[in-house]
Protein chains: 2
Amino acid sequence: MEFPSKLIENAVGELAKLPGIGRKTALRLTLHLLKAETEATSALAEALAKMRFEITYCQTCHNISDTEECSICANKLRDHSMVCVVSDIRDVIAIENTGQYQGVYHVLGGVISPIEGIGPSDLHIDTLLTRIPESEIKEIILAISPTMEGDTTAFFLSRKLREFPDVHISTIARGIPMGGELEYADEITLGRSIVERTRQAKA
Amino acid sequence: MEFPSKLIENAVGELAKLPGIGRKTALRLTLHLLKAETEATSALAEALAKMRFEITYCQTCHNISDTEECSICANKLRDHSMVCVVSDIRDVIAIENTGQYQGVYHVLGGVISPIEGIGPSDLHIDTLLTRIPESEIKEIILAISPTMEGDTTAFFLSRKLREFPDVHISTIARGIPMGGELEYADEITLGRSIVERTRQAKA
């Protein structure tokens with residue numbers, strides 16, 4: 001695709017570097033911005049640059065934050081003895097949106113992946129281990145996606161956490177998702193959902 | 001969806017204003033930028049702002065251009081007596097990519113749409129009419145999408161162009177697209193493709 005303007009070409013090229021955006025979509029977005037008010041583009045460009053350059057991370061849990069301590073860690077009403085370990089900031093947002101968790105978090109910043117060259121030292125594991133005695137943590141919930149890399153990370157963490165015999169380690173429940181059909185579930189999930197069945201309370 | 005940072009919230013909000021990008025996609029793009037080098041974000045923000053604020057339009061054909069006259073109008077090798085009238089810059093790019101057209105263009109900047117409040121005076125029709133005698137134009141090709149608004153615009157234009165009896169008016173051919181199956185073509189297209197059949201040259 002050739003463009004009549006270098007400016008357009010640059011904008012399309014930069015947009016097309018984003019995941020899931022091809023050159024055709026990038027051109028559509030560029031022409032949309034061209035048709036809209038100039039303020040729309042400057043607001044977008046500013047918001048992106050500001051976000052990238054001014055963002056800070058919570059010093060305790062490595063969640064994104066506008067201050068030194070994120071709003072979750074700063075919240076005295078939350079249970080600070082329970083830490084949910086997640087790989088990514090996205091997971092924090094997802095769990096927070098359920099409204100079901102009252103503890104705090106620890107964001108690893110990824111999972112162990114030898115293929116991508118990410119080892120345990122690249123993740124925020126040290127700070128988790130120093131945090132346990134300091135904050136009198138009683139339970140650690142491993143909420144890491146059950147992929148090959150995720151399981152490796154969870155296994156590595158549970159080995160490391162043997163240092164703290166008083167801390168309970170748990171993982172999020174695996175099973176059939178709500179609205180999911182049994183016949184379409186994979187065998188491992190279905191098998192675990194039977195083995196780890198929950199007993200109904202008697203009415 | 002609640003975000004732990006106002007900066008993230010702003011970035012997601014601005015990205016989600018783009019067509020075809022929802023808040024989930026916007027969050028994915030934002031977190032992608034956060035993970036990538038800071039240069040990636042500044043390059044994107046700069047390219048967008050530069051594109052929007054520095055873009056100029058060709059004074060002859062209203063195509064986007066980095067100079068007063070676009071590269072197509074400035075090209076002496078092209079046939080300046082043949083003008084292809086399109087509604088949008090995207091159409092210029094699409095036709096240019098075919099490599100089949102050697103004339104010049106005229107970008108209307110939209111189509112007549114009473115619902116959106118776009119009348120003939122909002123389009124670059126006046127400049128087309130003044131351009132015809134000035135540039136000794138011999139043929140005008142109406143390459144406007146065959147939608148309700150597009151057909152209205154084409155009809156309006158062909159009425160206006162009656163002022164110039166020496167100028168040939170043509171429209172792009174309608175018919176079955178390459179690779180298209182006859183049975184799935186709509187009746188109007190199929191009907192026109194039979195009425196306007198092209199005779200094969202004898203071998």
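Everything numeric in this text was worked out from a predicted model, so none of it was measured. (Residues numbered from 1 in each chain as written. Chains lettered and ligands numbered in written order. Predicted model: local features only at pLDDT ≥ 70, side-chain atom pairs only at ≥ 80, totals over all residues. Heavy atoms only, no water.)

*Asks:* What is the right way to read the overall build of chain A from this model?
*Replies:* When helices and strands are tallied, chain A shows eight helices and six strands. A compact globule built from 203 residues should have a C-alpha radius of gyration of about 17 Å, whereas chain A, at 22 Å, is more than 25% larger. Seen along its three principal axes, the alpha-carbon backbone of chain A occupies a region of about 70 × 45 × 40 Å. Within chain A, buried positions represent 37% of all 203 residues. (Helix = DSSP H or I, 4+ residues; strand = E, 2+ residues; numbered from the N terminus. Rg over C-alpha atoms; globule rule 2.2 N^0.38 Å. Buried < 20%, exposed > 50% of the residue type's maximum accessible area, 1.4 Å probe, protein only.)

*Asks:* Hey, could you run me through the domain arrangement of chain A in this one?
*Replies:* Interface size is commonly expressed as the accessible surface area that is lost when the partners come together. Taken as a whole, chain A is organised into domain 1 (6-54) and domain 2 (57-172). A C-alpha centroid distance of 34 Å is found between domain 1 of chain A and domain 2 of chain A. (Domains from an automatic or database assignment.)

*Asks:* Please clarify how the UniProt feature "zinc finger region: C4-type" (unreviewed entry) in chain A should be interpreted in this entry.
*Replies:* Mapped onto the present numbering, the UniProt feature "zinc finger region: C4-type" (unreviewed entry) falls on residues 58-73 of chain A. Note that residues 58-73 of chain A is 19% helix and 12% strand, and that its end C-alpha atoms are spaced 8 Å apart. (UniProt positions renumbered as here; feature names shortened; annotations may be inferred.)

*Asks:* Would you mind going over the sheet that holds strand 3 (residues 79-86) of chain B with me for this structure?
*Replies:* Paired through their backbone hydrogen bonds, the strands of a sheet run either parallel or antiparallel. Residues and elements named next belong to chain B. Read from one edge to the other, the open sheet built from four strands follows the order 4-3-5-6, with strand pairing classed as parallel. Looking at which strands have only one partner, the edges of the open sheet turn out to be strand 4 (103-107) and strand 6 (168-171). Strand-to-strand twist across the sheet, computed as the mean angle between neighbouring axes with direction ignored, equals 25°. Judged from the five bridges that link them, strand 3 and strand 4 form a sheet pairing that is parallel. Across the sheet, the residue bridging to Asp79 is Gly103, located in strand 4. (Pairing = 2+ DSSP bridges. Axes fitted to C-alpha atoms, helices over the stretch in contact; angles between N-to-C directions.)

*Asks:* Can you walk me through the environment of B:Phe156 in this structure?
*Replies:* Residues and elements named next belong to chain B. Locating Phe156 in the fold gives a position in helix 7 (residues 148-160). A relative accessible area of 26% means that Phe156 is categorised as partly exposed. Beyond its immediate stretch of four places on either side in the chain, Phe156 contacts Ile112, Pro120 and Ile125. (Contact = heavy atoms within 4.5 Å.)

*Asks:* Just to check I follow, could you spell out the UniProt feature "domain: Toprim" (unreviewed entry) in chain A for this structure?
*Replies:* Mapped onto the present numbering, the UniProt feature "domain: Toprim" (unreviewed entry) falls on residues 81-177 of chain A. Note that residues 81-177 of chain A is 33% helix and 20% strand, and that its end C-alpha atoms are spaced 28 Å apart.

*Asks:* Could you clarify how one ought to interpret the interface of chain B and chain A in this entry?
*Replies:* Listed as interface residues are 54 residues of chain B and, on the opposing side, 54 residues of chain A. Across the chain B to chain A interface the summed buried area is about 5,000 Å²; carbon plus sulfur atoms make up 74%. For the chain B face of the interface with chain A, the top three residues by lost area are B:Pro4, B:Leu7 and B:Arg52, together amounting to 14%. The residue B:Lys35 makes a salt bridge to A:Asp88 at a minimum N-O spacing of 3.6 Å. In this assembly, chain B and chain A are joined by ten residue pairs in polar contact (both at pLDDT 80 or more). Listing elements by their share of the side of chain B that touches chain A, those giving two or more residues are helix 1 (6-15), helix 2 (23-35), helix 3 (38-54), strand 2 (64-65) and helix 5 (89-98) of chain B. Here the side of chain B that touches chain A gets 15 residues from one element, more than from any other, and that element is helix 3 of chain B. For the side of chain B that touches chain A, the residue count by class is 30 nonpolar, eleven polar and 13 charged. (Buried area = accessible area lost by both parts, 1.4 Å probe. Salt bridge = Lys/Arg side-chain N within 4 Å of Asp/Glu carboxyl O. Polar contact = N/O pair within 3.5 Å; in protein donor to acceptor, adjacent residues only side chain to side chain. Nonpolar A, V, L, I, M, F, W, Y, C, P; charged D, E, K, R; others polar.)

*Asks:* Hey, could you run me through the packing of aromatic side chains in this one?
*Replies:* Remark: the centre distance and the inter-plane angle together describe each pair of aromatic rings, the angle taken between the planes. Residue and element names in this part refer to chain A. Per the counting criterion, the structure on display carries two aromatic pairs over all chains. Ring plane angle 65° and centroid distance 5.2 Å describe the contact between Tyr101 and Tyr105, whose orientation is recorded as edge-to-face. Comparing Tyr101 with Tyr105, the two get one shared label, buried. (Phe/Tyr/Trp six-rings, centres within 6.5 Å; stacked < 30°, edge-to-face > 60°.)

*Asks:* Even after reading the chapter, I still don't get the pairing of strand 3 of chain B, so can you show me in this structure?
*Replies:* Within a regular strand, the side chains alternate between the two sheet faces. All names here are of chain B. A crossover connection joins strand 3 to the parallel strand 4 through helix 5; in handedness this β-α-β unit is right-handed. Pairing geometry for strand 3 and strand 5 (residues 139-142), over four bridges, is parallel. Note that in strand 5 the partner of Val85 across the bridge is Leu142. (Right-handed = clockwise from strand over helix to strand, strands pointing away.)

*Asks:* Would you explain the relation of the copies chain B and chain A in this entry?
*Replies:* Copy one and copy two of the chain differ by a rotation about an axis and a translation along that axis. If you rotate chain B by 180° and push it 0.0 Å along the axis, it lands on chain A with an RMSD of 0.1 Å. Given the turn and translation reported, the copies of this chain are related as if by a two-fold rotation axis. Distance from the rotation axis, computed per C-alpha, reaches its smallest value in chain B at B:Ala45: 2.1 Å. The overlap is high: 100% of the interface residues of chain B also sit at the interface in chain A, so the same surface is used on both sides. (Least-squares fit on C-alpha atoms with pLDDT ≥ 70 in both.)

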